[in-house]
Amino acid sequence: MPIATPEVYAEMLDRAKAGKFAYPAINVTSTQTLHAALRGFAEAESDGIVQISTGGAEFLGGQHNKDMVTGAVALAEFAHIVAAKYDITVALHTDHCPKDKLDGYVRPLLDISAERVAKGLNPLFQSHMWDGSAETLADNLAIGQELLAKAAAAKIILEVEITPTGGEEDGVTHEINDELYTTVDDALRTAEALGLGEKGRYLLAASFGNVHGVYKPGNVVLRPELLKDLQEGVGAKYGKAAGSQPFDFVFHGGSGSTEQEIATALENGVVKMNLDTDTQYAFTRPIVDHVFRNYDGVLKVDGEVGNKKVYDPRSWGKSAEAGMAKRVTEACANLRSTGTKLK
């Protein structure tokens, strides 16, 4: 069962929360980066999450038509086949989807999974993300209610981002400023609108200074201790026992975070942490090294014929996969998921 069933995915998240670890959620843009993610998880003996953004799905759909749904479905179907060769369990997720792309991405994918479930099959994806951080919180949560109902009916977990993550990802841009911190009031309004599981399970991407991309020290001020305030504020209103954690949090903009920042986030209910920037670099760096070392074979310099063995995509693709897989295993170690795979 390499691709998690809805029940197994819920179990994975519950185990992470109870064990104070989180799953790396690795963005992929190709079958090769998918294999790199699966390999990294397998080598770390960790289950994990593979995710596809709108831009990644468009790229996967091919540059002739650039269809996001085609790209996402194709990779998911491919993953269902090749993941069987890896001795770990993975969940498939779609990353950031803003309002103007819902009709061309998340809603059609929800419909596809609903049709599968109606036939007695499992959903194609295990979770989808709604990124309403560019909307007012009221509009964000109203759309979240609609999507949560559809997701729950298709046995899918919804991820919602209620306040901005700084920087830019797939065309969604937010300034790095004081708005990058979710308040207890924001969290209370979220619980009121989406419930705490009774309306369907969801993951919450709250903001504690998170920024997409990598920035030099001092440019970004992360406050993962803020997540504890959100848990306690909502728990107090809804009668949860002291120390309980009503929310399953997602850590966005995790590339370049310190080990202490990650540890604090894990203690406060983070069960999923997104990685994209760091794994992109880990994939591309070996390719650049290969080209620099073999430039006169990769290129047909001074009228020569080059060297097919070094411009063959397999020659540099293998090292790219290995480089990205290594970074995934490091992420598993940082998030304490190493050696925690389901038996």
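It should be noted that the structure appears before, not after, this text.
Since the model is a prediction, treat every value here as computed from it, not as a measurement.

Participant: What's the story with the overall build of the chain in this structure? I'm lost.
Facilitator: A tally of regular secondary structure across the chain gives 13 helices and 10 strands. On C-alpha atoms alone, the chain measures out to a radius of gyration of 20 Å, which is about the 20 Å that the 2.2 N^0.38 rule sets for 343 residues. Overall, the chain is about 75 × 50 × 40 Å in size when its C-alpha atoms are taken along their principal axes. In the chain, which comprises 343 residues, the share counted as buried stands at 54%. Contacts in the chain between residues far apart in sequence, at least 24 positions, make up 74% of those at least 6 positions apart. Carbon and sulfur atoms form 52% of the exposed surface of the chain, whose accessible area is close to 15,000 Å². The positive charge centre, built from 34 side chains, and the negative charge centre, built from 47, are 6 Å apart in the chain.

Participant: For this particular structure, what's the right way to read the pattern of salt bridges?
Facilitator: Pairing is possible between side chains of opposite charge, provided their charged atoms come close. Under the definition given, this model contains 16 salt bridges. Here Lys341 and Asp87 are joined by a salt bridge, their closest N and O atoms 2.8 Å apart. With Lys341 in the segment after α13 (313-334) and Asp87 in the loop between α4 (68-82) and β3 (90-94), the pair connects residues that are 254 residues apart, well separated along the chain. The class of Lys341 is buried, set by a relative accessible area of 14%.

Participant: Sorry if this is basic, but what is going on with the packing of helix α2 (residues 31-44) against α4 here?
Facilitator: Each pair of packed helices can be described by the angle between their axes along with the distance between the axes. Direction vectors running N to C along α2 and α4 enclose 45°, while the axes themselves pass 11 Å from each other. In this view, α2 runs oblique relative to α4, as classed from their interaxial angle. Note on packing geometry: the crossing formed by α2 with α4 is right-handed. Counted together, Thr31, Leu34, His35 and Leu38 of α2 and Leu75, Phe78, Ala79 and Val82 of α4 form the full contact between these two elements. Split into classes, the residues belonging to the contact of α2 with α4 amount to 6 nonpolar, 2 polar and no charged.

Participant: Please clarify how the pairing of β3 should be interpreted in this entry.
Facilitator: Note on strand geometry: in a regular strand, side chains alternate between the two faces of the sheet. Most of β3 is tucked away, with 5 of its 5 residues classed as buried. Going residue by residue along β3, you find Val90, Leu92 and Thr94 tucked away on one face and Ala91 and His93 tucked away on the opposite face as well. Bridge count for strand β2 (residues 48-52) against β3 is 5 bridges, and the pairing is parallel. By the bridge assignment, Gly48 is partnered in β3 with Val90. Inspection of the sheet shows β3 paired to strand β4 (residues 127-131) by 2 bridges, in the parallel sense. Bridged to Thr94 within β4 is His128. Following the chain from β3 across helix α5 (residues 106-118) to the adjacent parallel β4, one finds a crossover that is right-handed.

Rules used in this analysis
- Residues numbered from 1 in each chain as written.
- Predicted model: local features only at pLDDT ≥ 70, side-chain atom pairs only at ≥ 80, totals over all residues.
- Heavy atoms only, no water.
- Helix = DSSP H or I, 4+ residues; strand = E, 2+ residues; numbered from the N terminus.
- Rg over C-alpha atoms; globule rule 2.2 N^0.38 Å.
- Buried < 20%, exposed > 50% of the residue type's maximum accessible area, 1.4 Å probe, protein only.
- Contact = heavy atoms within 4.5 Å.
- Areas by Shrake-Rupley, 256 points an atom, 1.4 Å probe, with all protein chains shown as cover.
- Lys, Arg positive; Asp, Glu negative; His and termini not counted.
- Charge placed at Lys NZ, Arg CZ, Asp CG, Glu CD.
- Salt bridge = Lys/Arg side-chain N within 4 Å of Asp/Glu carboxyl O.
- Axes fitted to C-alpha atoms, helices over the stretch in contact; angles between N-to-C directions.
- Parallel < 35°, antiparallel > 145°, perpendicular 65-115°, else oblique.
- Left-handed = near helix turned anticlockwise from the far one by under 90°.
- Nonpolar A, V, L, I, M, F, W, Y, C, P; charged D, E, K, R; others polar.
- Pairing = 2+ DSSP bridges.
- Right-handed = clockwise from strand over helix to strand, strands pointing away.

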